[in-house]
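Breakdown of the fold
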Amino acid sequence: MANVDGEFLRGAGSVAVLKLLERGEMYGYEIVEALERRTDGVLAMGQSTLYPMLYNLEAKGFVAARWDETGTRPRKYYRLTADGRKKLAADAKSWHRLTVAMESLGLTSVQGVLA
Amino acid sequence: MSPDPEAMGQALPAGIAALIERVVRATRLRRAERDDVRRELASHFAEALAAGTAPAAAIAAYGDAKASARALRAAAIAKRSPIDRALGQMFRFAALGVGTVAAVYVLFGLYLAANGPRVSFDPLARLADVLPKPARAEDVAWPRYREILPRLGLTEHADDANVATDRIDGGAGWPGRAPADEQGATWDEQRAWCDAHAADLAALRVATKLPVLGMPITEPLSEADRAVFSESTVANSRQFFADTQQPFRAFGVLCPHLASIRQAARILALDATVAASRGQGSAAVDDLAAIIALSVQVQQPRFLICDLVAMAMRSVACSRATILLESMPEAFTDADLVRLQQSLRSVPKALTEMDLQSERIGFEDAVQWMYTDDGHGGGWFNPSAANLMMLGGFGDGSVNGSGDDAVATSMLVLTGPAAAMWVADRRELMEFYDAWSDELLARKAWTLRELHDAPPTQTDIPLRSGDWVVKSRYLIAALLMPALERVNWSFAADRAQREAVDTAAACARFKLAHAAWPARTADLVPAFLASVPKDPWSGQPVQMKGEGSEFRVWSVGDDQIDHDGAIARDGKALSATTLPRAPRDRSGEPVPCDWVWFAPSGSIDRWFAE
């Protein structure tokens, strides 16, 4: 399935990343793979988009990062912060209202993306 | 221990490593931030490769490297602390400001390089305008001097005539006195020399009466002038006129005649002594009057050096006249003395006061070689490399002769804009010069006492002090404006000296008329003087006392204390300038004495050292 255009992804991408991290910390490549796999490619994003997005989320205090060098390859893990959880909760409500509104207009539900 | 980020990148396939480096470099982040980005991207690609992604596919999946770098940079900066970001912003603004200033500086330097000084007037033409013009060709004295001076041995040539005259000029110049040194002529030899040159001295005296000196000030020395001047003097003169691009032209080159003319004045003083010693007071007065007339001619043009030489010549005449009146009064008739007084009073008033007109031409000429305007605007200080080096005392203005052209030019480009912005512009400089001139000229008629008691001029104080701000802003003035504070004093001394001799001559006339000395100065008025002579040091009538050989007239002198006419010997009156200033003792302190105008004791002892 074709992914969404960049403009649309900019708003959805960060919410999607926060949602992924809700379950536990992940490293960059893992996030890319998860977005690709779990959204059937709709929210797939290259590293050129992901890493600046992660840096921004980190700058805003929604995620925190740490390097783990105990494995075969060094990895930088990102996890959700308390602020990040609040942000995710707020964004989820907004998305919910948005999808309801979209559905009321007869547009296809996108709720599955955030499930 | 975290692995080296660069090593991590290099462990990846070349294409990926290059992509990572391209992105990292394009972020223009700080080193630690770049390392973090590099490690993260390297980690990402390593994961992709480990998952079986082909390098080319991994590269393709990365996306737009440039956009990524921009986004990474923005995000990394957003991660910085607010203070850090503020400092970074400040640094960027500062760098931008410095860059802008540097760019403007360089542009200004290029502008200056393309806009050199604008030379807008010919100083020699201005000089010609202020020189007196002869009504007739025969009114010009110089062609006559050109013939007379060689016959008198008063030239720059090392010929026999000059050697003989040097012996005369170096003699003590007084009957019965031994020569001043081994080379000096005896009195008999001096007298014989004067007799042998009587016709030439007569011709000299006649020439001094002509209204125009006519020295070729505004044109090169001619072939005919070689009769007086040496090869090098003629060459210097021609060089001056040929090299019109030469700044800082030394206008003194235009006055090579001063030395010979000044020597002629001393010879005339000797001839006056010879004449008086023979009882020929009239001839002596002719010589003294010729010196004064010659001094008036020398003040064409009014360069300060000309003024100073003229005043030195008049001082010689005044000293010699006083000595002759004191020691050989019988040589003089009333008519002789009247003529002497007339001669002393004949110096035009304008020539007895400071005049900076010609000096200003020289100053303006130097200035016009260093400013970009044409004289009507402010202009930028922008001397050429050659001028700059001369100004800084680093050479003769010849860039080729002083070092590396490229170095000099580079220095100029680097320092030019700063100097142009710092150094006073042309209008400011000329206003400074005018203020300074005005202050000096306001004092031009002051008496010796007024000048002695006055503080330095307000303009002169900062210029001569250690105020580097003023000194550097008015660099040209500090370097080119002579210290003129003392010149007004020289003019005041010149006026006072002539008044002193005028008074002495009036006393001598009184004695001839009444067979006694006057009892008080008022006795001299109006028959012998127009008004009671004032002491230039006290502002009061000059002091007078005594009978017979004890009679004397005096001013209280520079210590402004009346020592009852006490005399101090200065020991140099016959050969050098005597100014109305007390001699100094060995410790430099003034000897307690008065400035004695007239002490007709019949002896010349007071004029020589004990």
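Residue positions within a chain follow its written sequence, with the count starting from 1. Written order decides the labels, with chains lettered from A and ligands numbered from 1. Only residues with pLDDT of at least 70 are given local features in this predicted model, and only at 80 or more are side-chain atom pairs given and counted; all residues enter the totals for whole chains, interfaces and linings. Side-chain figures throughout are based on the complete set of non-hydrogen atoms in the structure, without hydrogens or water.

Thoughts on the overall build of chain A
The condition is simple: Think of it this way: any DSSP run of H or I at least four residues long counts as a helix, any run of E at least two long counts as a strand, and we number them from the N terminus. We call a residue buried when its accessible area falls under 20% of the maximum for its residue type, exposed when it is over 50%, and partly exposed in between, using a 1.4 Å probe and counting protein chains only. Residue contacts are counted whenever heavy atoms from the two residues lie within 4.5 Å of one another. Accessible surface area values rest on a Shrake-Rupley calculation with a 1.4 Å probe, where residue burial reflects the displayed protein chains alone.
What chain A contains, in helices and strands, is five helices and three strands. Reading the secondary structure of chain A in the N-to-C direction produces α-β-α-α-β-β-α-α. Across the 115 residues in chain A, those meeting the buried criterion constitute 43%. Residue pairs in contact within chain A that sit at least 24 positions apart in sequence constitute 49% of those at least 6 positions apart. Approximately 6,200 Å² of chain A is accessible, and the part contributed by carbon and sulfur atoms is 53%.

As for the overall build of chain B
Counting its secondary structure elements, chain B contains 26 helices and three strands. The burial tally for chain B puts 48% of its 610 residues in the buried class. Restricting to contacts in chain B with at least 6 residues of sequence separation, those with at least 24 account for 71%. In the structure as shown, chain B presents an accessible area of about 27,500 Å², 57% of it carried by carbon and sulfur atoms.

What about the sheet that holds strand β3 (residues 595–598) of chain B?
Residue and element names in this part refer to chain B. For clarity, the cut-off: DSSP bridges decide pairing: two strands pair if at least two such bridges lie between them. Simply put, an axis is a line fit to the C-alpha atoms, just over the touching stretch for a helix, and the angle between two N-to-C directions goes from 0 to 180 degrees.
Taking strand neighbours across the sheet as the criterion, the three strands line up as β1-β2-β3 in an open arrangement whose pairing is antiparallel. The sheet is open, and its two edges are formed by β1 (543–545) and β3, each paired on a single side. Looking at each pair of strands side by side, their axes are set apart by 30° on average, direction ignored. Each of β1, β2 (552–555) and β3 is contacted by helix α26 (residues 485–514), which is oriented at about 45° to β3, the strand it contacts most.

Things to note about the interface of chain B and chain A
As a reminder of what qualifies: By buried area we mean the combined loss of accessible area, with a 1.4 Å probe, across both parts when two parts are placed together. We count a salt bridge whenever a side-chain nitrogen from Lys or Arg sits within 4 Å of a carboxyl oxygen from Asp or Glu. We call two N or O atoms a polar contact when they sit within 3.5 Å, provided that within protein one can donate a hydrogen and the other can accept it, with sequence-adjacent residues counted only if both atoms are side-chain atoms. For this classification, Asp, Glu, Lys and Arg are treated as charged, while Ala, Val, Leu, Ile, Met, Phe, Trp, Tyr, Cys and Pro are nonpolar and the rest, including Gly, are polar.
Contacts between the two partners involve 30 residues from chain B, matched on the other side by 20 residues from chain A. At the boundary of chain B with chain A, total buried surface from both sides reaches about 2,100 Å², with 57% on carbon and sulfur atoms. If you sort the residues of chain B by the area they bury against chain A, B:Glu40, B:His44 and B:Glu47 come out on top, with a joint share of 33%. In this structure, the connection of chain B to chain A is made through six salt bridges. Measuring nitrogen to oxygen at the nearest pair gives 2.1 Å for the salt bridge that ties A:Glu69 to B:Arg39. The interface formed by chain B and chain A contains 11 residue pairs in polar contact (both at pLDDT 80 or more). Going through the elements one at a time, α3 (31–50), α4 (55–62) and α5 (65–79) of chain B are the ones with two or more residues in the side of chain B that touches chain A. The element contributing the most residues to the side of chain B that touches chain A is α3(B), with 12 residues. Partitioning the side of chain B that touches chain A into residue classes produces 18 nonpolar, six polar and six charged.

A closer look at the sheet that holds strand β2 (residues 63–68) of chain A
Residue and element names in this part refer to chain A. The strand order β1-β3-β2 describes an open sheet built from three strands, whose pairing is antiparallel. Since the sheet does not close on itself, it has two edges, and those belong to β1 (26–27) and β2, each with one partner. Summarising the sheet, β1 and strand β3 (residues 75–80) pair through two bridges and their orientation is antiparallel. Counted as the bridge partner of Tyr27 is Tyr77 from β3.

With respect to the environment of A:Asp40
Tracing the backbone shows A:Asp40 in the loop between α2 (28–38) and α3 (47–59). Each C-alpha atom, one on A:Asp40 and one on A:Arg66, is 29 Å from the other, the two residues being 26 residues apart in sequence.

Describing α3(B)
Residues and elements named next belong to chain B. Heads up, the condition is: Here the expected span of a helix is defined as 1.5 Å times the quantity of residues minus one.
With 20 residues, α3 ought to run about 28 Å at 1.5 Å a step, and its terminal C-alpha atoms sit 28 Å apart, in line with that. Taking burial as the measure, the 20 residues of α3 include 14 buried ones, the bulk of the element. Immediately downstream of α3, the backbone of Gly52 shows phi near 95°, a positive value.

Description of the pattern of salt bridges
All names here are of chain B. Scanning the model with the defined rule gives 42 salt bridges over all chains in all. In this structure, Arg449 engages Asp453 in a salt bridge whose closest nitrogen and oxygen atoms are separated by 3.5 Å. Residue Arg449 and its partner Asp453 are both found in helix α22 (residues 448–453); the two are separated by four residues, about one turn of the helix. When its relative accessible area of 34% is taken as the criterion, Arg449 is described as partly exposed. Overall, Asp453 belongs to the partly exposed group, its relative accessible area being 47%.

A short note on a nonpolar patch on the surface
All names here are of chain A. Just so we agree on the cut-off: What goes into a patch is any residue over 30% in relative accessible area without a salt bridge, connected to like charges within 9 Å or, for nonpolar side chains (Val, Leu, Ile, Met, Phe, Trp, Tyr), within 5 Å.
A surface patch of nonpolar side chains, amounting to about 370 Å² of accessible area, comprises Leu98, Met102, Leu105 and Leu107. Position of Leu105 relative to the elements: it lies in the loop between α4 (82–104) and α5 (111–114). Relative accessible area serves as the criterion here: at 67%, Leu105 is assigned to the exposed category.

Description of helix α21 (residues 426–442) of chain B
Residue and element names in this part refer to chain B. Our working definition: The reported arc concerns the directions from the helix axis to the C-beta atoms and nothing else.
The terminal C-alpha atoms of α21 lie 24 Å apart, and with 17 residues this matches the ideal 24 Å at 1.5 Å per residue to within 8%. Within α21, the full set of buried residues consists of Arg426, Leu429, Met430, Phe432, Tyr433, Trp436, Ser437 and Leu440. For α21, the buried positions fall inside an angular range of 155° around the axis, keeping them on one side. Exposed residues on α21 whose side chains face more than 90 degrees from its buried face are Asp438 and Ala442. Sitting at the head of α21, Asp425 places a side-chain oxygen 3.0 Å from the backbone nitrogen of Arg427.

Some points on the packing of aromatic side chains
To keep things clear, this is the line we draw: Here the aromatic set is Phe, Tyr and Trp, taking the six-membered ring for Trp, and pairing holds for ring centres within 6.5 Å; pairs whose planes are under 30 degrees apart are stacked, those over 60 apart are edge-to-face, and all others are tilted. Counted as over-ring charges are cases with an Arg CZ or a Lys NZ within 6 Å of the ring centre that also lie within 35 degrees of the ring normal.
According to the stated counting rule, one finds 16 aromatic pairs over all chains in the structure shown. Members of the aromatic cluster, each reached through a chain of ring pairs, are B:Phe108, B:Tyr111 and B:Trp380. Looking at B:Arg39, its charged tip hangs above the ring of A:Trp67, at a distance of 4.1 Å from the centre. Seen from the ring of B:Trp489, B:Arg486 lies directly overhead, with NZ or CZ sitting 4.8 Å from the centre.

Here we look at the nonpolar core
Threshold: Each nonpolar core is a collection of buried residues, namely Ala, Val, Leu, Ile, Met, Phe, Trp, Tyr and Cys, held together in the definition by side-chain atoms within 4.5 Å.
Counting 104 residues, the largest nonpolar core has B:Tyr145, B:Leu254, B:Leu324, B:Phe332 and B:Leu340 as the members making the most contacts within it. Excluding residues that lie within four positions of it along the chain, B:Tyr145 makes contacts with B:Pro150, B:Leu204, B:Ala207, B:Thr208, B:Leu213, B:Ile261, B:Leu294 and B:Gln297. Formed by 51 residues, the second largest nonpolar core is a distinct cluster that contains A:Val15, A:Leu20, A:Leu21 and B:Ala48.

Some points on the confidence of the model for chain B
Residues and elements named next belong to chain B. Basically, it comes down to this: Across the chain, each position has a pLDDT score giving the predictor's confidence in that residue, from 0 to 100.
In the predicted model, chain B carries a mean pLDDT of 86, and 89% of its residues have values of at least 70. pLDDT under 50 marks residues 395–403. Its contacts with residues more than four places away, or in other chains, come to 16 contacts. Across the interface, the model reports ipTM at 0.84; the global pTM reads 0.73.

Focus: the packing of helix α10 (residues 187–196) of chain B against helix α13 (residues 258–277) of chain B
All names here are of chain B. Defined as follows: Put simply, angles under 35 degrees are roughly parallel, angles over 145 are roughly antiparallel, angles from 65 to 115 are roughly perpendicular, and the rest are oblique.
Remark: α10 packs on α13, axes separated minimally by 10 Å, with the N-to-C direction vectors making an angle of 100°. With respect to α13, the element α10 is oriented roughly perpendicular. Residue-level contacts link Trp187, Gln190, Arg191, Trp193 and Cys194 of α10 to Ile267, Leu270, Asp271, Thr273, Val274 and Ser277 of α13. In terms of residue class, the contact of α10 with α13 is built from six nonpolar, three polar and two charged.

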